[in-house]
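So the chains spell out like this:
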Amino acid sequence: MKLTDVIRRPLVTEKSTLQRELGNVLAFEVHVDATKVEIKNAVEQLFGAKVAAVRTAAVRGKLKRQGRFVGRRSDWKKAYVRLKADQKVPEILEIA
């Protein structure tokens, strides 16, 4: 799997913004089949930051309905990446 396929996009939520500012933790939406090792390698090579730990969570898609029709959103996966203590958040992610 290519590095750009592993990391889909950064997650910009209130929780992820606080964690980025206080705890040196980055949040990403990642490929459903991506492993922690693949995520770690992708972050280190794409952003040039050393990774201390990776935590992942699988999010189940919600059931949505419009009138009598029921649909389902896709399942997705998110990853919380903790950088090493001497590392700072890459500049490209501080904007997000």
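Residues numbered from 1 in each chain as written. Predicted model: local features only at pLDDT ≥ 70, side-chain atom pairs only at ≥ 80, totals over all residues. Heavy atoms only, no water.

On to the overall build of the protein. Each helix and strand counted, the protein has four helices and six strands in total. Along the chain direction, N to C, the helices and strands of the protein fall in the order α-β-α-β-α-β-β-β-β-α. If one aligns the C-alpha atoms of the protein with their principal axes, the spans along those axes are about 55 × 30 × 20 Å. Counting over 96 residues, the protein shows a buried share of 29%. Taking the contacts inside the protein whose residues are at least 6 apart along the sequence as the reference set, 61% of them involve residues at least 24 apart. Accessible surface, the protein as shown: approximately 6800 Å² in total, 51% of it carbon and sulfur. The distance from the centre of the 21 positive side-chain charges to the centre of the 11 negative ones in the protein is 9 Å. (Helix = DSSP H or I, 4+ residues; strand = E, 2+ residues; numbered from the N terminus. Buried < 20%, exposed > 50% of the residue type's maximum accessible area, 1.4 Å probe, protein only. Contact = heavy atoms within 4.5 Å. Areas by Shrake-Rupley, 256 points an atom, 1.4 Å probe, with all protein chains shown as cover. Lys, Arg positive; Asp, Glu negative; His and termini not counted. Charge placed at Lys NZ, Arg CZ, Asp CG, Glu CD.)

The full count for this structure, using the stated rule, is one aromatic pair. Centroid distance Phe28 to Phe47: 5.8 Å. Interplanar angle 10°. Geometry classified as stacked. Of this pair, Phe28 sits in strand 2 (residues 25-30) while Phe47 sits in helix 3 (residues 36-47); the two residues are 19 residues apart in sequence, bridging distant segments of the chain. Phe28 sits in the buried class, given a relative accessible area of 1%. (Phe/Tyr/Trp six-rings, centres within 6.5 Å; stacked < 30°, edge-to-face > 60°.)

As a further point, take the pairing of strand 5 (residues 69-72). Relative to strand 5, strand 4 (residues 63-66) runs antiparallel, the two being bridged by four bridges. Considered in strand 5, the bridge of Leu63 is made with Arg72. From the end of strand 4 to the start of strand 5, which pair antiparallel, there are two residues, and Gly67 there has a positive phi angle of about 70°. (Pairing = 2+ DSSP bridges.)

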